[in-house]
Amino acid sequence: MPTSWINSLIRELPRSQKDKRFFLPRACLVGVGSDLRGDDSAGLMVVRQLFKHSHAENLLIIEGGPAPENVTGQIRAFHPDNVILIDAAHMDEPPGTVQWIPLDSIDGMSASSHSLPLSMLADYLIAEIGCEVFILGIQPAQNEIGSELSSP
């Protein structure tokens, strides 16, 4: 049975610690997508819900929208250890499936609602900040212009 994305996150975060002393890693969650394209807004919906309930000083939650490169200034100023980009992604899974997407599998890919491929954004953040970047994909049911978010 595949490991859940939550379990793999719990395993991965300690690897990003800069030293062996206890500290809480600084994490930035960036919701990516467009409210105008149905399930493409899944990443935005996730961060909106998290923002209502999470106010830890080591956590920055940002709506990146269809152009997450426009929030890199906020991300750089926060200087996170980990950046998690949350986005709708076609993974040939049932709608609503949540999975980690390896950075090397998105190299050069561009989603139709993004102005810049997430692989380029990830490369920039890694080079500029020295953080680790993860992509959490949510399988959409549909992403037609003008449609609403589906149940899954």
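Residues numbered from 1 in each chain as written. Predicted model: local features only at pLDDT ≥ 70, side-chain atom pairs only at ≥ 80, totals over all residues. Heavy atoms only, no water.

## Looking at the confidence of the model for the chain
If pLDDT is low for a region, its predicted coordinates should not be looked at in detail.
Then comes step 1: Put simply, the chain has an average pLDDT of 84, and 79% of its residues get 70 or more.
Then comes step 2: Within the chain, the lowest mean pLDDT, 62, falls on helix 1 (residues 5-12), and the highest, 97, falls on helix 3 (residues 72-78).
Then comes step 3: The low-confidence segment residues 108-112, where pLDDT is below 50, has six contacts with residues more than four positions distant or belonging to other chains. (pLDDT = per-residue confidence, 0-100. Helix = DSSP H or I, 4+ residues; strand = E, 2+ residues; numbered from the N terminus. Contact = heavy atoms within 4.5 Å.)

## A closer look at the sheet that holds strand 5 (residues 132-138)
Two orientations exist for strands paired in a sheet by backbone hydrogen bonds: parallel and antiparallel.
Then comes step 1: The mixed open sheet is built from five strands, whose spatial order is 2-1-3-5-4. The open sheet terminates on both sides in strands that have one partner only, identified here as strand 2 (59-65) and strand 4 (98-101). Strand-to-strand twist of the sheet, defined as the mean angle between neighbouring strand axes without regard to direction, takes the value 25 degrees.
Then comes step 2: Sheet topology places strand 1 (residues 27-32) next to strand 3 (residues 82-88); five bridges connect them, and they run parallel. If you follow Leu29 over to strand 3, its bridge partner there is Ile84.
Then comes step 3: Contacts from helix 2 (residues 42-53) reach strand 1, strand 2, strand 3 and strand 5 within the one sheet, and its direction differs from that of strand 2 by about 145 degrees. (Pairing = 2+ DSSP bridges. Axes fitted to C-alpha atoms, helices over the stretch in contact; angles between N-to-C directions.)

## A few points about the nonpolar core
Burial of nonpolar side chains together is a common tendency in soluble globular proteins.
Then comes step 1: One finds Val30, Ile75, Val83, Leu85 and Leu125 to be the most contacted residues of the largest nonpolar core, which totals 22 residues.
Then comes step 2: If you list the elements that add at least two residues to this core, you get strand 1, strand 2, helix 3, strand 3, helix 4 (118-129) and strand 5.
Then comes step 3: A total of five residues in this core trace back to one element, the largest contributor, which is helix 4.
Then comes step 4: The contact partners of Val30, leaving out residues within four places of it in the chain, are Val47, Ile62, Gly64, Pro68, Val71, Ile75, Val83, Ile84, Leu85 and Ile86.
Then comes step 5: Among the nonpolar cores identified, the runner-up in size contains nine residues, and Val47, Ile61, Ile84 and Ile86 belong to it. (Core = buried A, V, L, I, M, F, W, Y, C linked by side-chain atoms within 4.5 Å. Buried < 20%, exposed > 50% of the residue type's maximum accessible area, 1.4 Å probe, protein only.)

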